[in-house]
Every structure is written in C-alpha cells, then in structure tokens.
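Next come the chains, spelled out residue by residue.
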Amino acid sequence: MVVVSETRADASEEADPPSAVRERAEAFAAEVVAEAMGHPVQLGNGGLYVRGLLEQGERKSLEPMVARLGGEADYQSMQQFLAVSPWDPVAVMRAVGERVAPEIDVEAWVLDDTGFPKDGKHSPGVKRQYSGTLGKIGNCQIGVSLHAVGAKGTVPLGWALYLPQEWCEDKERRRKAKIPEDVEFETKPALGVKLAVRAAGWKVRKAPVLGDQAYGDNTELRDKLHAGGLQYVLSVSPETTVFSQQTNFLEPGPRSGPGRKSNHPRPDRDPEQVGRLIARLREGQLKTVTFRDGPDGRPVKSRFMFVRVRAAHHWRGHDGRGRWDKSAAEIPPREEWLIAEWPKGKSEPTDYWISNLSPSTKPGRLARLARLRWKIELDYRQLKGQLGLDHYEGRSWLGWYHHTALVTAAHGFLTLERLRPP
C-alpha cells in the first residue's frame, strides 16, 4: 500500500515499511466504518474504499480505484455499497471526528463551501452557479462543510450537498438522483448551522465557529448559533448595522394617544453601518496585535480595532418610530464584539468581523480567531488534490454523502499518521 502523503512531517526520518502503514490504515478504517456498518460485506467494502482513496493514483473515482485494488474489490459490489447501501455516513463522520479532534488541539470550527465541477446535468444539485473553486460561474455542485481546525491539523465534521430551488421542484430529476422526499430547499447558511448544531452533540471540543461574509451576514445563522450555545467570529460586510456602545435603551414614556403602550425599551439613536462606525472612531483606538506565527517562525502582526456593540438586525423602523421585531429574544439586543483589521498604510479597514465571545476575551485571541479561517484551504487542498473529494462520478444523492464520509476517514488517518511519534 502506498499512502498518498508523507506519514511524517520530516521526510528525512526513516519511514515505516508499507506493510506497517497498511495495517494501521486497515485498523483505523475498520474502527470508524464499524460505527455505521454491521454487515460483513459493508465492512469489507468500507475498508477497501478507504484503502483505494489512500493509494497513489490520479483519479479516485470508483472504476480506477477498483482496478488499483486488484482482485480484492468487486466493482458491482462496491458500486452498490457506495450508491445504494443504507449505511449512515454521519456515523462515520462522527467516529472520525471523535477520534481525530482530540489529537489536533482544536481552536475553531470553520464553515465554508466548495465547488465540485461536473459535466452534464444529472448529478444531484448540479447547475451553472458561482464556485470559489472555479473562481467563476460554472457547471458544478456545491458542498457546505464544517471543519475543526487546530494547531496540529484539521478534521472535517460534516458535509451537506446544496440543492438549488430548481432541483427541489423537479420531481423527475429528484427521482433519478434518489433524493429523499423530506429534503427541501435550504440556503447554504441554513445547511451550515445544522452541521454545527449536530457536531455540538458529539464528543468533540466545542470551539468558536468561523465563516466568511456569506455566513456572517446571515443574521439567522448568528442567532441560531448563539441560541445553540455556540460562539462565533464571523466575517461581515461593512454595510452590516449595529448599535454603538454609547447607545442607551430607554423605557418608553407615558402614552397619551390611542393604542397599546409599548413595554419595550427604545434606543436613543439609530443603528449605523460598521464601516461608518469604525471610520468615525478613526485610528486612535487601533491596537497592533500578533495573530499568528509566520512560516519562518516570526510573529505576524497587524492593526486591529475591538469595539463592543449591540446587534441591530431585530430592529425595524415603523412610521418614523422604532419598534422591536416580535421574534427578538433579547431586549435590548445582545452585546457583541465588532472587530476591524486596519493594516498600516491602508486608508480604511480591510475586514470586519462580529463575535459573541465573552467581553473579557483578549484582543490577541479575537484577532487570531478572525484570521484563522485560511487553514481551511489546506484541508480542501488535501481532500481534493490527494484524496479525490471531488472525483465522485455517480448520480446518487446518498452516494455523494457516502463518498465524502469515506474521504473524511482517509483524511483522518493521514492526520493521525503525521502526528505519530517517530
């Protein structure tokens, strides 16, 4: 067996013989797939599929993997196992997460999405849509993912296939792709929240959830994470509105006219965009903070501003007066951190984040978390470049989830291999 990645951080160290690596890979695969599979054929195919992903080879789709496995794997049996067999991919994901996460010193959970370029129109969820992977609009599927990110590595905690509205409404396409009847249209942030809330019930260290503007600008996502007891540091656009720290929420005075008296406190000023708020504060409140170590071991620093604000998205205007959205659970709204990075030499901040971390959180931790999301790119690079995350060629909804779960298992094994003592 030839593993597709170095099993030691220092390639100059003496490597284990292939037979030893293979034994460990088989043991790990058996451990994590057993959580979802009880039938001997399922267990055997699960182990073989993980081995196939770890073997060297350009394509990690089913046919070339079976060829590389020689006579040990049967194509028809493996295809049935992948596309139709009713084993639970979430159980595999959970087993991998609970096995790997304690070893990587988890610092954050990262929500993101990635494109799976496709030819044709029959793969579930495929359409012409924007993909960050392609850097443009192209024919692809979009997968939402949650990853635990730590000082010693990363591990995916969940995958969700985004199903566009047109797919949800097309009964024939749904039937051919075997999409379950209870699957309805959900936005990418809605899918991401479900992944985070589900992982919060596992034996995996909870950590602040990070995400780009597509997730941070979604106020429902922030509310659901907060309500679920999850912390977050989410990127937001400069147009996001908040109440400044100086805002006072006043009890309403006596009402002389007709109608019901409001019992809700009212702010003494309007909310404002975070970009304008930071510009108004100017550069006097900036702090130079080290947020990570560079590749040469030298500290990487930048200038940040940390301001306490209150969420404003439940506030609405009505006939020139303010009123509270009836769905708002917190009155006045919760306090949060507004974080802005304003590098030296720039005329304005380059990035903004909103966070519900404790008021006592140190600036260094806030800045480190805000800038930690880049590690997800390392995950995608290995998952796609080495383990064939985007090589699944089937047209089965369940098959996509089975493939991503088994790729996660292969990724988890490689992470543990790199952490093994010499």
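Just so it is clear, the structure is predicted and the values come from calculations on it, not from any experiment.

(A) Spatial organisation of the overall build of the protein. Helix and strand content of the protein: 14 helices and 16 strands. Counting all 422 residues of the protein, 50% fall into the buried class. Intrachain contacts of the protein at a sequence separation of at least 6 include 67% that bridge at least 24 residues. Carbon and sulfur atoms provide 47% of the accessible area of the protein, an area that totals close to 20,500 Å².

(B) Representation of the packing of aromatic side chains within the structure. Under the criterion given, the structure shown has 10 aromatic pairs. Ring geometry for Phe-81 against Trp-87: centres 5.2 Å apart, planes inclined by 20°, an arrangement best described as stacked. Considered together, Phe-81 and Trp-87 belong to a single accessibility category, that of buried residues. Sitting over the ring of Tyr-162, Lys-188 keeps its end group 4.2 Å from the ring centre.

(C) Structural context of the packing of helix α2 (residues 40-54) against helix α4 (residues 75-83). Contact geometry for α2 and α4: axes closest at 10 Å, N-to-C directions at 95°. When the interaxial angle is binned, α2 and α4 end up roughly perpendicular. Judged by residue contacts, Val-41, Gln-42, Asn-45, Gly-46, Leu-48 and Tyr-49 of α2 engage Ser-77, Met-78, Phe-81 and Leu-82 from α4. For the contact of α2 with α4, a count of residues per class yields 6 nonpolar, 4 polar and no charged.

(D) Spatial organisation of the environment of Lys-152. Looking at where Lys-152 falls in the secondary structure, it is placed in the loop between β3 (136-150) and β4 (153-161). Taking the relative accessible area as the measure of exposure, Lys-152 reaches 48% and is therefore partly exposed. Considering only alpha carbons, one finds Lys-152 and Glu-103, 49 residues apart in sequence, at a separation of 7.5 Å. The contacts of Lys-152, once residues within four sequence positions are left out, are Glu-103, Ile-104, Asp-105 and Leu-419.

(E) Representation of unusual backbone geometry in the model. In the Ramachandran plot, Asp-105 falls in the positive-phi region, its phi being about 55° despite a non-glycine side chain. Residue position: Asp-105 is located in the loop between α5 (89-100) and β1 (106-117). Unlike most non-glycine residues, Lys-178 shows phi in positive territory, near 55°. Mapping Lys-178 onto the fold places it in the loop between α7 (171-176) and α8 (188-199). The exposure class of Lys-178 is exposed, given its relative accessible area of 54%.

(F) Region of interest: α2. Helix length check: α2 (15 residues) gives 21 Å between terminal C-alpha atoms against 21 Å at 1.5 Å per residue, within 8%. When α2 is considered as a whole, its buried residues turn out to be Gln-42, Asn-45, Gly-46, Leu-48, Tyr-49, Val-50, Arg-51, Gly-52, Leu-53 and Leu-54. The secondary structure elements touched by the buried residues of α2 are α1 (18-33), α3 (62-68), α4 and α14 (397-419).

(G) Structural context of the side chain of Lys-375. Along the polypeptide, Lys-375 turns up in helix α13 (residues 375-385). Glu-107 provides the closest opposite charge to the buried, salt-bridge-free Lys-375, at an N-O distance of 4.1 Å. In contact with Lys-375, other than residues within four places in its own chain, are Glu-107, Val-149, Gly-150 and Ala-151.

(H) Highlighting the environment of Gln-80. By secondary structure assignment, the location of Gln-80 is in helix α4. Through-space distance from the C-alpha of Gln-80 to that of Asn-45 is 9.9 Å; in sequence the pair is 35 residues apart.

Conventions and cut-offs
Residues numbered from 1 in each chain as written. Predicted model: local features only at pLDDT ≥ 70, side-chain atom pairs only at ≥ 80, totals over all residues. Heavy atoms only, no water. Helix = DSSP H or I, 4+ residues; strand = E, 2+ residues; numbered from the N terminus. Buried < 20%, exposed > 50% of the residue type's maximum accessible area, 1.4 Å probe, protein only. Contact = heavy atoms within 4.5 Å. Areas by Shrake-Rupley, 256 points an atom, 1.4 Å probe, with all protein chains shown as cover. Phe/Tyr/Trp six-rings, centres within 6.5 Å; stacked < 30°, edge-to-face > 60°. Lys NZ or Arg CZ within 6 Å of the ring centre and 35° of its normal. Axes fitted to C-alpha atoms, helices over the stretch in contact; angles between N-to-C directions. Parallel < 35°, antiparallel > 145°, perpendicular 65-115°, else oblique. Nonpolar A, V, L, I, M, F, W, Y, C, P; charged D, E, K, R; others polar. Expected span 1.5 Å × (residues − 1). Lys, Arg positive; Asp, Glu negative; His and termini not counted. Salt bridge = Lys/Arg side-chain N within 4 Å of Asp/Glu carboxyl O.

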